[in-house]
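Structural overview for review
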Number of protein chains: 2
Amino acid sequence: MRDFNKKLRVLLIDDNANHLRGIKELINLESCYEVVGTTTSANLGVNLIKKYHPDIVLLDINMPEKDGLQTIQTINKLNLSTKIIALSGYDDSDLIYRAMKLGAKGYVLKTMASVKLINAIEEVASGKIYLPTVLTTRFFEYFQTTAKEESKTSEGENLLNTLTIRENEVLELLTEGINYKSIAGKLIISETTVKTHVNNIFQKLQVNDRTNAVLYALSHGFKSSKTNVITTV
Amino acid sequence: MRDFNKKLRVLLIDDNANHLRGIKELINLESCYEVVGTTTSANLGVNLIKKYHPDIVLLDINMPEKDGLQTIQTINKLNLSTKIIALSGYDDSDLIYRAMKLGAKGYVLKTMASVKLINAIEEVASGKIYLPTVLTTRFFEYFQTTAKEESKTSEGENLLNTLTIRENEVLELLTEGINYKSIAGKLIISETTVKTHVNNIFQKLQVNDRTNAVLYALSHGFKSSKTNVITTV
DNA sequence: TCTTATCTAAACCTTTTGATTTAGAAAAAG
DNA sequence: CTTTTTCTAAATCAAAAGGTTTAGATAAGA
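Residues numbered from 1 in each chain as written. Chains lettered and ligands numbered in written order. Predicted model: local features only at pLDDT ≥ 70, side-chain atom pairs only at ≥ 80, totals over all residues. Heavy atoms only, no water.

Focus on the overall build of chain A
Stated precisely, the cut-off is as follows: Here a strand is any run of E in DSSP of at least two residues, a helix any run of H or I of at least four, and the numbering for each starts at the N terminus. Burial classification: accessible surface area is computed with a 1.4 Å probe over protein chains only, and a residue below 20% of its type maximum counts as buried, one above 50% as exposed, and the rest as partly exposed. Here the Shrake-Rupley method, with its probe set to 1.4 Å, supplies the accessible areas, and only the displayed protein chains count as covering residues.
A tally of helices and strands in chain A yields 10 helices and five strands. When each of the 233 residues of chain A is scored for burial, the buried share is 49%. Entry remark: accessible area of chain A is about 11,300 Å², with carbon and sulfur atoms responsible for 49%.

Encoded structure:
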């Protein structure tokens with residue numbers, strides 16, 4: 001929970017100076033906030049964050065100089081407790097999705113009423129996530145469509161299940177982009193044996209080459225025994 | 001937008017008969033809803049959905065007989081416009097995450113005030129997503145931690161950005177597991193030209209074969225030009 | 001205008017892959 | 001105690017992929 005005795009320290013990053021001034025005034029109207037800095041440059045913003053360790057950063061993610069999404073990453077890599085609220089002019093599903101994925105704690109449209117912004121700051125500061133209902137819906141639309149393939153593949157008959165243990169080991173190395181010779185070396189078997197296994201894999205997965213075998217494996221939840229594969233979006 | 005002249009048809013699935021009765025009464029208090037069926041069995045519930053095509057299904061996802069998450073998938077596979085609201089006793093991040101990923105439009109805790117449930121039905125019926133603030137935060141906690149690994153790959157300089165437009169087109173076809181001849185056919189250029197492009201791609205991505213090129217592309221957020229970004233309104 | 005980047009293409013050659021057949025040994029299943 | 005599965009391996013052959021060099025056409029930029 002948030003300590004109301006201390007002022008919340010807020011940093012503003014927006015390439016539009018006018019907008020910057022507007023937001024600053026708006027926030028300063030509230031006695032419990034303190035704007036510790038404003039800047040039109042993402043790179044400068046990152047430096048200010050390093051220096052001042054603000055509680056909240058309001059970050060315009062539609063900036064020309066540096067990609068806003070990248071900036072989110074850069075800030076999060078600092079490993080501070082600073083929380084990021086993304087500011088954007090667009091309610092683009094993909095943009096919202098990516099911003100949130102990269103660790104933004106809130107997303108506010110510039111067109112939204114100023115009271116929403118204060119609301120967002122308050123919520124995020126107290127450890128919650130702030131997403132207006134419209135954007136939540138947008139987010140989930142995108143989330144569910146991109147996640148759909150994963151669920152589709154996890155059910156039904158998966159040809160991967162027909163593979164033997166050895167074939168699985170071979171396929172795992174195939175998915176790492178390793179050639180016959182190296183696979184033979186790693187499994188300590190002859191290259192021709194590897195070829196035999198690979199051919200059997202092809203038949204079972206109903207493909208004709210390694211690329212398609214790898215693609216099948218990755219898109220059908222093939223789990224390598226050591227590393228956890230991140231199934232893409 | 002929802003048509004207020006028609007009653008919203010709701011189906012209830014909960015293995016606890018008492019709870020089922022309670023919810024039914026609660027919903028029937030509201031004149032704009034109609035409970036078209038109640039059942040304690042997930043499998044039976046799916047059949048009822050096939051028969052009655054309800055607008056909303058309130059689905060308890062903590063059932064012994066059949067896994068609630070599986071039931072969500074089964075229902076969605078019917079491809080009806082039926083919207084699912086997950087009911088659960090637990091505010092478990094992973095559970096919420098998976099339920100939403102599988103296509104639930106809302107998630108309500110059984111411990112929540114009954115007015116929240118009505119609220120959820122109303123929101124979901126009108127095409128929105130309903131997640132109480134507490135659960136939204138839980139969801140994003142989980143979402144952001146599981147997505148973290150992915151973001152790692154998209155940071156730093158991405159060699160994919162060095163590719164020309166044509167090289168991107170070729171890479172896109174490579175990631176579909178297509179061979180030189182077919183790529184040449186699709187782009188209406190000669191096979192040797194394709195080879196030239198592919199070689200340039202290899203150099204730029206610092207790999208030696210197509211499999212590794214594809215793996216690089218997939219793990220570094222290569223976006224095929226076909227991928228549809230949902231841009232609404 | 002000169003230069004650079006991009007797209008196109010061929011020739012030549014080497015390496016890798018993939019397809020097919022055959023077959024022995026060991027282990028598991030019946 | 002057979003039969004089947006799995007893992008091993010070799011021999012061939014054909015096809016695809018990859019490496020390298022050279023080069024013309026065009027468009028974009030300095």
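Let us keep going from here.
A word on the packing of aromatic side chains
Going by this rule: Pairing of aromatic rings covers Phe, Tyr and Trp, the last through its six-membered ring, and needs centres within 6.5 Å; plane angles under 30 degrees mean stacked, over 60 mean edge-to-face, and all others mean tilted. A ring has a charge above it when a Lys NZ or an Arg CZ is no more than 6 Å from the ring centre and no more than 35 degrees off the ring normal.
Counted by the stated rule, this structure contains 18 aromatic pairs over all chains. Here Phe139(A) and Phe143(A) contribute two aromatic rings whose centre-to-centre distance is 5.9 Å and whose plane-to-plane angle is 15 degrees, an arrangement assigned as stacked. Here Phe143(A) and Phe139(A) lie together in helix α6 (residues 133–154), a separation of four residues that amounts to about one turn. Both residues of the pair, Phe139(A) and Phe143(A), count as buried. Each member of the aromatic cluster is reached from another via a ring pair, and the members are Tyr97(A), Phe139(A), Phe140(A), Tyr142(A), Phe143(A), Tyr97(B), Phe139(B), Phe140(B), Tyr142(B) and Phe143(B). Seen from the ring of Tyr180(A), Arg210(A) lies directly overhead, with NZ or CZ sitting 4.7 Å from the centre.

What about helix α5 (residues 114–125) of chain A?
To keep it simple, the criterion reads: Expected span of a helix, by definition, is 1.5 Å for each gap between consecutive residues, and there is one gap fewer than residues.
Between its terminal C-alpha atoms α5(A) stretches 17 Å, which fits the 16 Å expected from 12 residues at 1.5 Å a residue. Just beyond α5(A), the residue with positive phi is Gly127(A), at close to 90 degrees.

So, the packing of helix α1 (residues 17–29) of chain A against α5(A)
All names here are of chain A. Counted only if it meets this: Helix axes use the C-alpha atoms of the stretch in contact, all axes being lines fitted to C-alpha atoms, and the angles between their N-to-C directions lie in the range 0 to 180 degrees. Oblique is the label for any angle not covered by the other classes, which are roughly parallel (under 35 degrees), roughly antiparallel (over 145) and roughly perpendicular (65 to 115). The hand of a helix crossing depends on one turn: near helix anticlockwise from the far one by less than a right angle means left-handed, and clockwise means right-handed. Contacts are assigned to residue pairs that have any heavy atoms within 4.5 Å of one another. Each residue receives one of three labels: charged for Asp, Glu, Lys and Arg, nonpolar for Ala, Val, Leu, Ile, Met, Phe, Trp, Tyr, Cys and Pro, and polar for the others, Gly being one of them.
At a minimum axis distance of 11 Å, the contact between α1 and α5 shows a crossing angle of 65 degrees. Viewed along their axes, α1 and α5 adopt a mutual orientation that is roughly perpendicular. Classified by chirality, the crossing of α5 by α1 is right-handed. For the pair formed by α1 and α5, the contact residues are Ile23, Leu26 and Ile27 on the first element and Ser114, Leu117, Ile118 and Ile121 on the second. Its residues placed into classes, the contact of α1 with α5 shows six nonpolar, one polar and no charged.

With respect to the pattern of salt bridges
Condition: We define a salt bridge as a side-chain nitrogen of Lys or Arg found within 4 Å of a carboxyl oxygen belonging to Asp or Glu.
If you walk through the whole model with that rule in mind, you get 12 salt bridges over all chains. Between Glu167(A) and Lys204(A) there is a salt bridge; the shortest N-O distance is 2.8 Å. Here Lys204(A) lies in helix α9 (residues 191–205) and Glu167(A) lies in helix α7 (residues 165–174), a separation of 37 residues in the sequence. For Glu167(A), a relative accessible area of 5% translates into the label buried. Since its relative accessible area comes to 26%, Lys204(A) is described here as partly exposed. Among the salt bridges present, the one from Asp94(B) reaches Arg98(B), with a minimum N-O distance of 3.0 Å. Taken together, the residues span about one helical turn, with Asp94(B) and Arg98(B) both in helix α4 (residues 93–101) at a distance of four residues. Classification of Asp94(B) as partly exposed rests on a relative accessible area of 22%. On the basis of relative accessibility, which here comes to 38%, the residue Arg98(B) falls in the partly exposed class. One network of salt bridges, in which partners are shared, links Asp14(A), Asp60(A) and Lys110(A).

Focus on the protein's contact with DNA strand D
Note the following rule: By convention in these notes, a residue is near a molecule or strand provided one of its non-hydrogen atoms lies within 4 Å of it. In the analysis that follows, any N or O atom pair within 3.5 Å is treated as a polar contact, provided that within protein one partner can donate a hydrogen and the other can accept it, and provided that, for residues neighboring in sequence, both atoms belong to side chains.
If you check the shell around DNA strand D, you find 17 residues, and the closest are Thr164(A), Arg166(A), Ser190(A), Asn199(B) and Arg210(B). A share of 71% is what sugar and phosphate atoms reach among the atoms of DNA strand D within 4 Å of the protein. The contact in question runs from a phosphate oxygen of DNA strand D to an N or O atom on the side chain of His197(A), over 2.9 Å. Note that a base oxygen of DNA strand D is positioned 3.2 Å from one of the side-chain N or O atoms of Lys195(B). Elements with a minimum of two residues in the surface near DNA strand D: α7 and α9 of chain A together with α9 (191–205) of chain B.

Overview of the environment of Tyr216(A)
All names here are of chain A. Among the secondary structure elements, Tyr216 is positioned in helix α10 (residues 210–219). Measuring from C-alpha to C-alpha, the distance between Tyr216 and Asn158 comes to 10.0 Å, with 58 residues separating the pair along the chain. The contacts of Tyr216, once residues within four sequence positions are left out, are Asn158, Leu159, Leu160 and Leu205.

Points about the sheet that holds strand β5 (residues 106–109) of chain B
Residues and elements named next belong to chain B. How we decide: At least two bridges found by DSSP between two strands are what make those strands a pair.
Ordered in space as β2-β1-β3-β4-β5, the five strands form an open sheet in which the pairing is parallel. The sheet terminates laterally at β2 (33–39) and β5, the two strands that pair on one side only. Averaged over all neighbouring strand pairs, the angle between strand axes comes to 20 degrees, with direction disregarded. Bridge count between strand β3 (residues 56–60) and strand β4 (residues 83–88): five bridges; the pairing is parallel. Counted as the bridge partner of Leu59 is Ala86 from β4.

Section: the confidence of the model for chain A
Interpreting fine coordinate detail is not advised for predicted regions of low pLDDT. For clarity, the threshold we go by: You can read pLDDT as the predictor saying how much it trusts each residue, on a scale of 0 to 100.
Residues with a pLDDT of 70 or more make up 87% of chain A, whose mean pLDDT is 85. Contacts of residues 226–233 of chain A to residues separated by more than four positions or lying in other chains number 16 contacts, the stretch itself having pLDDT below 50.

Considerations on the protein's contact with DNA strand C
Around DNA strand C, 17 residues are found, and the nearest of them are Asn179(A), Arg210(A), Thr164(B), Arg166(B) and Ser190(B). Counting only the atoms of DNA strand C that lie within 4 Å of the protein, the sugar and phosphate share comes to 71%. In this structure, Asn199(A) approaches DNA strand C through a side-chain N or O atom, which is 2.8 Å from a phosphate oxygen. The contact in question runs from a phosphate oxygen of DNA strand C to an N or O atom on the side chain of Thr192(B), over 3.4 Å.

As for the sheet that holds strand β4 (residues 83–88) of chain A
The strands that make up a sheet pair up through hydrogen bonds in the backbone, lying either parallel or antiparallel. Residue and element names in this part refer to chain A. The strand order β2-β1-β3-β4-β5 describes an open sheet built from five strands, whose pairing is parallel. Looking along the sheet, the strands with just one partner apiece sit at the ends: β2 (33–39) and β5 (106–109). Between one strand and the next, the sheet's axes are offset by a mean angle of 20 degrees, whatever the strand orientation. Along the sheet face, helix α3 (residues 68–77) touches β3 (56–60) and β4 and points at about 160 degrees away from the line of β3. Strands β4 and β5 of the sheet are contacted by helix α4 (residues 93–101), whose axis makes an angle of about 150 degrees with β5.

Considering helix α2 (residues 42–52) of chain B
Residue and element names in this part refer to chain B. Counted only if it meets this: Relevant arc is that of directions from the helix axis to the C-beta atoms, nothing else.
Listed in full, the buried residues belonging to α2 are Ala42, Gly45, Val46, Leu48 and Ile49. The arc that holds every buried residue of α2, seen down its axis, measures 160 degrees, which confines them to one face. If you follow the buried residues of α2, they end up packed against β1 (8–13), β2, β3 and α3 (68–77). Two to three positions downstream of the cap, the backbone nitrogen of Asn43 sits 3.3 Å from a side-chain oxygen, assigning the N-cap of α2 to Ser41.

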